[in-house]
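# Structural description and commentary
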Amino acid sequence: RGMRLDKVTEGVQQLVSSELGSPFIEPPPFNLQLCYADSTVKTPLIFVFVPGSDPAADLYKFTAVMKMDRKLEAISLGQGQGPIAEGLIKNGQDSGGWVFLQNCHLSVSWMPKLEKIVETTDEDLVHR
C-alpha cells in the first residue's frame, strides 16, 4: 500500500537517471546497419516495436542501400498466411532474397513453425 504501481516505473527511472545518468534510461538509437552486421542465416533480425512504431520505411530504405529492394518479399501475417510465409522463406533461402514478416502477433500459433524453420536451416545450403 505504500507504493503506487502506476508510479514505480517513473520513480525507478528518476532514481537511475539521477544516480547513474540519463544514458542508462534512454534507449540507443536504432541502427539497422549494425543490426544487419550482427545477423546470420541462423540469427535473423527480429524487432519488437511499441504500438505506433513501424520499421517498414527504414527497412525499405536499407534494402535500397544494400541493393536488395528487388529481392525483398513482405507479408503481413494473420489467419492462413503462415504457409505462404513459409514458401517465401524457402524461396528466399534458395535465391538469396529477404523476407519481411509483419504483424507476427497475429499469427502466434505459427511462431513455433517459424522457430523450427530457423533452427533447422542448414547454413551451407542457403544462397548467399
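The present account deals with the structure reproduced in this document. In this text the structure is predicted, and so the values were computed from the model without any measurement.

Along the protein chain, the regular secondary structure elements total 5 helices and 2 strands. Secondary structure of the protein chain in N-to-C order comes out as α-α-α-β-α-β-α. Compactness check: the protein chain gives a C-alpha radius of gyration of 19 Å against a globular reference of 14 Å for 128 residues, more than 25% above the reference. Dimensions of the protein chain, computed from the C-alpha atoms along their principal axes, are close to 55 × 35 × 25 Å. The burial tally for the protein chain puts 23% of its 128 residues in the buried class. Taking contacts inside the protein chain between residues at least 6 apart in sequence as the whole, the part at least 24 apart equals 69%. Carbon and sulfur atoms form 57% of the exposed surface of the protein chain, whose accessible area is close to 9800 Å².

Where strand β1 (residues 72-76) meets strand β2 (residues 98-102), 5 bridges bridge the pair, whose relative direction is parallel. Pairing of A74 across the sheet is with F100, part of β2. Handedness of the crossover joining β1 and β2 through helix α4 (residues 82-95) is recorded here as right-handed.

Secondary-structure assignment places D124 in the segment after α5 (111-119). You can call D124 exposed: its relative accessible area is 71%. Expressed as a C-alpha distance, the spacing of D124 and L77, which sit 47 residues apart in the sequence, is 28 Å.

Right, let's talk about the side chain of S107 for a bit. With respect to the helices and strands, the residue S107 is situated in the loop between β2 and α5. Note on S107: relative accessible area 5%, which makes it buried. Contacts of S107, omitting those with residues within four sequence positions, involve L77 and G78.

The next subject is the environment of I75. In this structure, I75 sits in strand β1. Each C-alpha atom of the pair I75 and L88 lies 8.7 Å from the other, and the pair is 13 residues apart in sequence.

Here the focus is the environment of F49. In this structure, F49 sits in the loop between α2 (32-38) and α3 (56-65). With near-sequence residues (within four places) excluded, F49 lies in contact with F30 and P55.

Next up on the list: α4. Three- or four-residue spacings in an α-helix give side chains the same orientation, since the helix completes a turn every 3.6 residues. An ideal rise of 1.5 Å per residue puts 20 Å on 14 residues; α4 measures up with 20 Å between its terminal C-alpha atoms. Taken as a whole, α4 has its buried residues at G82, A85, L88, I89, G92 and Q93. Down the axis of α4, the buried set is contained in an arc of 135°. They therefore lie on one face. Residues of α4 that are buried make contact with β1, β2 and α5.

Reading guide: rules and limits
Residues numbered from 1 in each chain as written. Predicted model: local features only at pLDDT ≥ 70, side-chain atom pairs only at ≥ 80, totals over all residues. Heavy atoms only, no water. Helix = DSSP H or I, 4+ residues; strand = E, 2+ residues; numbered from the N terminus. Rg over C-alpha atoms; globule rule 2.2 N^0.38 Å. Buried < 20%, exposed > 50% of the residue type's maximum accessible area, 1.4 Å probe, protein only. Contact = heavy atoms within 4.5 Å. Areas by Shrake-Rupley, 256 points an atom, 1.4 Å probe, with all protein chains shown as cover. Pairing = 2+ DSSP bridges. Right-handed = clockwise from strand over helix to strand, strands pointing away. Expected span 1.5 Å × (residues − 1). Arc of directions from axis to C-beta.

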